[in-house]
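# Understanding the architecture of this molecule
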Amino acid sequence: RAKARGRATYQFFEPSLAETAYADLVLEAELAQGLTRNEFELFFQPQVEATTGQLSGAEALLRWRHPQRGLLSPDSFIFVAERHRLMLALGEWVLREAALTARRWREQGLTQGHGPMRIAVNLSRMQFHLDGFADTVKRVLDESHAKGQWLELELTERMLIDDIEHAPTTLAQLRALGLTVSVDDFGTGYTSLAHLTELPLDKLKIDQGFVARLPDDVGAQAITRAIVQMAVGLGLTVTAEGVRTAAQWQLLAGWGCQQFQGELVGSPMPAAEFEAWVRAR
Ligand code: C2E
Ligand code: MG
Ligand code: MG
Ligand code: MG
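Residues numbered from 1 in each chain as written. Chains lettered and ligands numbered in written order. Predicted model: local features only at pLDDT ≥ 70, side-chain atom pairs only at ≥ 80, totals over all residues. Heavy atoms only, no water.

Going by what an unreviewed UniProt entry lists, the protein chain is known as EAL domain-containing protein and is assigned to Pelomonas caseinilytica.

Given below as structure tokens:
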């Protein structure tokens, strides 16, 4: 009797995606299939200069158009890809897609009259920690007929600290290729800015958790102001992410924050929509 009921019972209690080892395996297989079936896509979110409002670039944000589950955000699948080394293939796809897009924008004249219009690519720790990562980037750039100057790489504090021995060399190699290097979600890790001064970096992105608590939260104000002022003092460009209100913009700009990204400027958009958005400006 229990056996007869087994299937229905299982479906009723079916755990959510990736909660079990089995679901994890299914997702892994689907991810691999998704890569070969071209189900991944990059959305682009604009970044603008505080003083001029000029478009300076866009962050590439990965999406998965899953045949059954619809459009998926990276937080729902990246952790599985990371567990299974699939992230290396997926990460290389992202890099190549960003390089090809950057080239297409130049060929179409889309970038004319704007800032450097770099495409910022998020890296996973697995990619960055792999020996010869800079060689991979160079190969992808060459194969895409793209220049390092067209791309920016976003790393987290954690990734830098976990690899403090090799990070300086890798970062120097990437910058020698012309890439801009930025630290994402700054303020959430364990890094002190002193640590970061020893690394060849270009930019800090203030975590949107702090920005969300502005303008009213006094604690967030103190932390954010300190980060912006120290980073600027160290010669780093500061970008605020998740900026949603004019009040947040004004406060941050007053402290010296140079670039803004967030709903106030524009949400992440599919490539065609982003291109239309740029042309309409
Ligand atoms: P992130 O790099 O910190 O990206 C910013 C996230 O905040 C994005 O979420 C973006 O859509 C969202 N966001 C931006 N502005 C606003 C705003 O004003 N309000 C709100 N509520 N949200 C805003 P998304 O696209 O879901 O990406 C989540 C995370 O997934 C990213 O955080 C990044 O860590 C990771 N990720 C995205 N694409 C890739 C990728 O290609 N490779 C890797 N390894 N990680 C990626
Ligand atoms: Mg990012
Ligand atoms: Mg971020
Ligand atoms: Mg994040």
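Having seen the structure, we can now continue with the description.
### Considerations on the pairing of strand 8 (residues 237-240)
Let me state the cut-off plainly: Strand pairing is assigned whenever DSSP detects at least two bridges linking the two strands. Think of it this way: any DSSP run of H or I at least four residues long counts as a helix, any run of E at least two long counts as a strand, and we number them from the N terminus. A clockwise path from the first strand over the helix to the second, with the strands pointing away from the viewer, defines a right-handed crossover.
Alignment of strand 7 (residues 203-206) against strand 8, held across four bridges, turns out to be parallel. Bridging across to strand 8, Ile206 finds its partner in Ala240. Relative to strand 9 (residues 259-261), strand 8 runs parallel, the two being bridged by two bridges. Considered in strand 9, the bridge of Thr239 is made with Gln259. Each parallel crossover has a hand, and the one from strand 8 via helix 12 (residues 246-255) to strand 9 is right-handed.

### Quick word on helix 12
Put simply, the test is: For each residue, the accessible area found with a 1.4 Å probe, counting protein chains only, is set against the maximum for its type, and the residue is called buried under 20%, exposed over 50%, and partly exposed in between. Taking the helix axis as origin, the arc is that swept by the directions to the C-beta atoms. Any two residues having at least one pair of non-hydrogen atoms within 4.5 Å are treated as being in contact.
When helix 12 is considered as a whole, its buried residues turn out to be Gln248, Leu252 and Trp255. All buried residues of helix 12 project into a common sector of 55° when viewed along the axis, lining one side. Exposed residues on helix 12 whose side chains face more than 90 degrees from its buried face are Gln250 and Gly254. Residues of helix 12 that are buried in the fold lie against helix 10 (208-212), helix 11 (218-233), strand 8 and strand 9. Downstream of helix 12 by a residue or two, Gly256 has a phi angle that is positive, lying close to 115°.

### Thoughts on the nonpolar core
To be explicit about the condition: Side-chain atoms within 4.5 Å are what join buried Ala, Val, Leu, Ile, Met, Phe, Trp, Tyr and Cys residues into a set we call a nonpolar core.
Grouped together as the largest cluster of nonpolar side chains are 78 residues, with contacts concentrated most on Phe128 and Leu160. In terms of residue count, the dominant contributor to this core is helix 4 (residues 86-107) (10 residues). Not counting chain neighbours up to four residues away, the residues in contact with Leu160 comprise Phe128, Leu155, Ala167, Leu171, Val183, Leu196, Leu199 and Leu201.

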